[in-house]
Each structure stands twice: as C-alpha cells, then as structure tokens.
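Notes for the structure review
Each chain, letter by letter, is given below.
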Amino acid sequence: MPVQIYHLIAFLVAAVVVLWTTPDVRNIGIKSGQVDKPGDRKVHQRPMVRLGGVSIFTGTMVALILVWWLGGFANLPPEKEWQIWGVILGGSGFFLIGLADDLLSLSPFVRLVMQVIVAAGAWKAGVSIDFVTIPTMGIVQLEWLSLPITVVWLVGMVNAINWIDGLDGLAAGVSGIAAVVMLVVALFMKQPAAALIAAALAGAALGFLRYNFNPAQIFMGDGGSYFMGFTLASVSIIGLVKIPAFTAVLLPYVILAVPIFDMSAVILLRLRQGKSPFQADKRHLHHRLLNAGLSHRWAVLFIYSLTLWVGSLAMAIAGIPSGVIYACATTSLLSYTSWKVWRRAKIRE
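Report on the accompanying structure. In this text, all values refer to a predicted model and were calculated from it rather than measured experimentally.

Here the focus is the pairing of strand 3 (residues 131–134). Only one face of strand 3 is covered, namely the face carrying Phe131 and Thr133; the face carrying Val132 and Ile134 is uncovered. With four bridges connecting them, strand 3 and strand 4 (residues 138–141) associate as antiparallel partners. In the sheet register, phenylalanine 131 faces strand 4, and the bridge partner there is glutamine 141.

The structure is reproduced here in structure tokens:
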C-alpha cells in the first residue's frame, strides 16, 4: 500500500469520527450543564457546550489506532516508536488536563504544574529538542538545556493555541491549517510517522469546523485546545526540528507564527503595564479585529489567510516544489483580506 494512502485514511477517519460524535457530545454537555456562559471578556452571547475537545481527541486517536493496526507505523526504529508513543501519551495527558479544567475549573498554578509534568514526560519519551543547527557553527548539542527548552516549547504552544481560541472556529481552523502544512512538510522531509499524526489532527480539526464555525454550535474547550496545541508542538519536534538543517529549525516557528506572535504580543503588553502575563483581557489579535469593525466571520477569515500565508512561506523555505507559487497565491489572498480589514476600519471611523 502506498505510504500516502495511510495519511489519507488517517485524515478521513479522524474527520468522520468527529462529524459523527460531536452532536452526541453536545447533547451530553447540554444535559449535564457543562456550558460556557457569556461574560465581559467573552464574545458569545448564549451558553455553549465546551466539550468539543472530546470529539477532536477521539477522532484523532481512533484514526491513529486504525492506521497503526493497518501497518502505517510499521518498521519504525525503536527511538522513533518511543517518540510516537510520547506524542500519543503526552497528547492524552494534556487533553485530560484541559478536560479537568473544563469540568472543575482548575487554578492557573495547578494547570501549569500539571502541564510541565506531562511535557517533561514527553521529553523523556523522546519528544525532545536535542540540538539546533546554526549557520557557520553547524550542529550545536543542547545537552542539559534540552529539557527546559523542550518544556517551554510544548507548554508555550499549548497555551498559545488555548489563548487564540476566542472566536468561533478560530483555533480549530488555525490548527487545521497548521497541521496540513506540517503534513506536507513532514512528507517532503521523509518523516512519514510524524506526517500521520499531523494528518489525523488535521482531519479532526477541520471536521470539527462543521459545528464550530460561526455561528458555533459547540466549543472545543481547554481539552481540545490543549490537545491540539501539544500535538502540533510535538509533531514539529519529531518531524522537523530533529532534522539537522538550519531551515528545519525555523519551520515550526514559521508555521505556528500566528499563535506565537499573538501570545508574545499580549504578554509583552501586559508586562509593560505592570500586569500579570496570565491576566485575561481583550488584547488578542481577534479582539483588535473586532474592535476595528470587522464582523466575527471576517476576523476569523483574516486570521485564516494569515495562517495560510505563513504556512506557504514555510513550504517555500523547506524547498517544496511549487512552494514559491503557493506563497505568491496566499500573498494575494492575504492582500485581499487585509484590504477588506482596512476598508471596514475606515468605514467605522
């Protein structure tokens, strides 16, 4: 069976499972009262079930288990197999932390401690940033710095995806686009195992948009955003960063530039004003777009186009054939959506 067939199966199975299970998860959430109520910092106007992460997690795992059974992960060297287990078990751990927060409202400190512990466990299993490639210097081994750098990357991306989950369909769409780009880049770099995980996550995220795009019927909650954030971060490590090339080190930061920039900018603004970096507010990119006069959907579509653009840049940097053409096409799309943003902002003035 051609390798690409496994990736197509993973994508389709994850999407179908999410499409099939999400209505049932929503009904269970309504009956149990597990809803996210409107508030000053929130955009939605009515209570919403926030357990959609259950469907995303289930769809991804069912797809990966099926592909494993079919032989998609066959003939992996022992260290690669440990890395796959690290992603799967680490993703499960982060999903459970997020689900516990959705159900029990954990304190920020408790969440952070649990996140660090799970991330350290994933590092122990091989989901680790062991070296960086620097021009003129070559490969630089991180040694004891590997653990803190890996934990910061994993925990940081988990929270970056969680923080960007502020509008209907935003986190699911951004994560789905990023996962598709990682799938293509990982296949090009001959990392089929990492690409399989990216394919399953892409199918689950994009399938969830059927119920999560504006007007949303269900939210993914912290369970979904934590799981997707960790999986994207860990796939970037085992599929891209472990390749000894300077461009490979850059690719994860380019692909995930939108949530990274959003989180970094918000933290810096809060610190400049003497506030806690974890104090919730309306300084995120999507809040600013809404304040500029964009509709809910246009704000989301603009951030989608931005994510597509940086993803196409990553494909061009990776040397993928036609990557430059994709970059030019998405630049045109981003130019159009930027013009729409500017025009609506002018109308509001």
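A few words on the environment of serine 128. Along the chain, serine 128 falls in the loop between helix 4 (108–125) and strand 3. Residue serine 128 is classed as buried on the basis of its relative accessible area of 5%. Distance in space between the C-alpha atoms of serine 128 and isoleucine 303 is 30 Å, their sequence separation being 175 residues. The contacts of serine 128, once residues within four sequence positions are left out, are Trp123, Ser146, Thr150, Ile237 and Lys242.

Here the focus is the side chain of aspartate 101. Within the secondary structure, aspartate 101 sits in helix 3 (residues 78–104). At 3.4 Å, the side chain of aspartate 101 forms a polar contact with the side chain of arginine 111. Once residues lying within four places of it in the same chain are set aside, the contact partners of aspartate 101 are Leu106, Arg111, Asp222 and Tyr226.

Looking now at a nonpolar patch on the surface. Nonpolar side chains collect at one region of the surface, where Phe109, Val110, Val113, Met114 and Ile117 lie side by side and expose about 450 Å² of accessible area between them. In this structure, isoleucine 117 sits in helix 4.

Now for the pattern of salt bridges. Taken as a whole and judged by the stated rule, the model has one salt bridge. The closest approach of N and O atoms between arginine 111 and aspartate 101, which form a salt bridge, is 3.4 Å. Here arginine 111, found in helix 4, pairs with aspartate 101, found in helix 3; they are ten residues apart in sequence, far enough to count as distant. Pair check on accessibility: arginine 111 and aspartate 101 agree, each one buried.

Right, let's get into unusual backbone geometry. A negative phi holds for most residues other than glycine; trans holds for most peptide bonds. Here the amide bond leading from asparagine 214 into proline 215 is cis, since omega sits at 0 degrees, within 30 degrees of zero. Considering the arrangement of structural elements, one finds proline 215 in the loop between helix 7 (192–212) and helix 8 (221–241). Positive phi, close to 55 degrees, is recorded for glutamate 143, a residue that is not glycine. Secondary-structure assignment places glutamate 143 in the loop between strand 4 and helix 5 (146–164). Of the residues examined, glutamate 143 reaches a relative accessible area of 63% and is grouped as exposed. Phi is positive for serine 322, close to 70 degrees, though the residue is something other than glycine.

This structure, assessed with the given rule, holds nine aromatic pairs. Between phenylalanine 57 and phenylalanine 227, the aromatic rings sit 5.3 Å apart at their centres with planes inclined by 80 degrees, giving edge-to-face as the arrangement. Placement of the pair is phenylalanine 57 in helix 2 (residues 52–70) and phenylalanine 227 in helix 8, with a sequence separation of 170 residues. Ring centres 5.3 Å apart and planes at 45 degrees place the aromatic pair tryptophan 68 and tryptophan 85 in the tilted group. Here tryptophan 68, found in helix 2, pairs with tryptophan 85, found in helix 3; they are 17 residues apart in sequence, far enough to count as distant. The class of tryptophan 68 is partly exposed, set by a relative accessible area of 26%. On the accessibility criterion, tryptophan 85 (36% relative accessible area) is partly exposed. Feature note: the residues Phe57, Phe95 and Phe227 constitute an aromatic cluster, connected by ring pairs. Lying over the aromatic face of tryptophan 163, arginine 270 brings its terminal NZ or CZ to 5.1 Å of the ring centre.

The terminal C-alpha atoms of helix 2 lie 28 Å apart, and with 19 residues this matches the ideal 27 Å at 1.5 Å per residue to within 8%. Buried within helix 2 we find Gly52, Gly53, Ser55, Ile56, Phe57, Gly59, Thr60, Met61, Ala63, Leu64 and Val67. The inward-facing, buried residues of helix 2 abut helix 1 (3–32), helix 3, helix 7 and helix 8. Glycine 71 occupies a position one or two residues after helix 2 and carries a positive phi of about 105 degrees.

This next bit is on the environment of phenylalanine 109. Inspection of the secondary structure puts phenylalanine 109 in helix 4. Residue phenylalanine 109 is classed as exposed on the basis of its relative accessible area, which comes to 62%. Taking C-alpha positions, phenylalanine 109 is 24 Å from isoleucine 88, a pair spaced 21 residues apart along the chain.

Tracing the chain through its elements places valine 152 in helix 5. Each C-alpha atom, one on valine 152 and one on isoleucine 218, is 30 Å from the other, the two residues being 66 residues apart in sequence.

A few words now on the packing of helix 4 against helix 5. Contact pair helix 4 / helix 5: the axes reach a minimum separation of 9 Å and the direction vectors enclose 125 degrees. In terms of orientation, helix 4 lies oblique with respect to helix 5. Judged by the twist between their axes, the crossing of helix 4 over helix 5 is right-handed. Where helix 4 approaches helix 5, its residues Leu112, Gln115, Val116, Ala119, Ala120, Ala122 and Trp123 are matched on the opposing element by Ser146, Leu147, Thr150, Val151, Leu154, Val155, Val158 and Asn159. Here the contact of helix 4 with helix 5 is built from residues that sort into eleven nonpolar, four polar and no charged.

Each value, and the rule that gives it
- Residues numbered from 1 in each chain as written.
- Predicted model: local features only at pLDDT ≥ 70, side-chain atom pairs only at ≥ 80, totals over all residues.
- Heavy atoms only, no water.
- Buried < 20%, exposed > 50% of the residue type's maximum accessible area, 1.4 Å probe, protein only.
- Helix = DSSP H or I, 4+ residues; strand = E, 2+ residues; numbered from the N terminus.
- Pairing = 2+ DSSP bridges.
- Contact = heavy atoms within 4.5 Å.
- Polar contact = N/O pair within 3.5 Å; in protein donor to acceptor, adjacent residues only side chain to side chain.
- Patch = residues over 30% accessible without salt bridge, like charges linked within 9 Å, V, L, I, M, F, W, Y side chains within 5 Å.
- Areas by Shrake-Rupley, 256 points an atom, 1.4 Å probe, with all protein chains shown as cover.
- Salt bridge = Lys/Arg side-chain N within 4 Å of Asp/Glu carboxyl O.
- Phe/Tyr/Trp six-rings, centres within 6.5 Å; stacked < 30°, edge-to-face > 60°.
- Lys NZ or Arg CZ within 6 Å of the ring centre and 35° of its normal.
- Expected span 1.5 Å × (residues − 1).
- Axes fitted to C-alpha atoms, helices over the stretch in contact; angles between N-to-C directions.
- Parallel < 35°, antiparallel > 145°, perpendicular 65-115°, else oblique.
- Left-handed = near helix turned anticlockwise from the far one by under 90°.
- Nonpolar A, V, L, I, M, F, W, Y, C, P; charged D, E, K, R; others polar.

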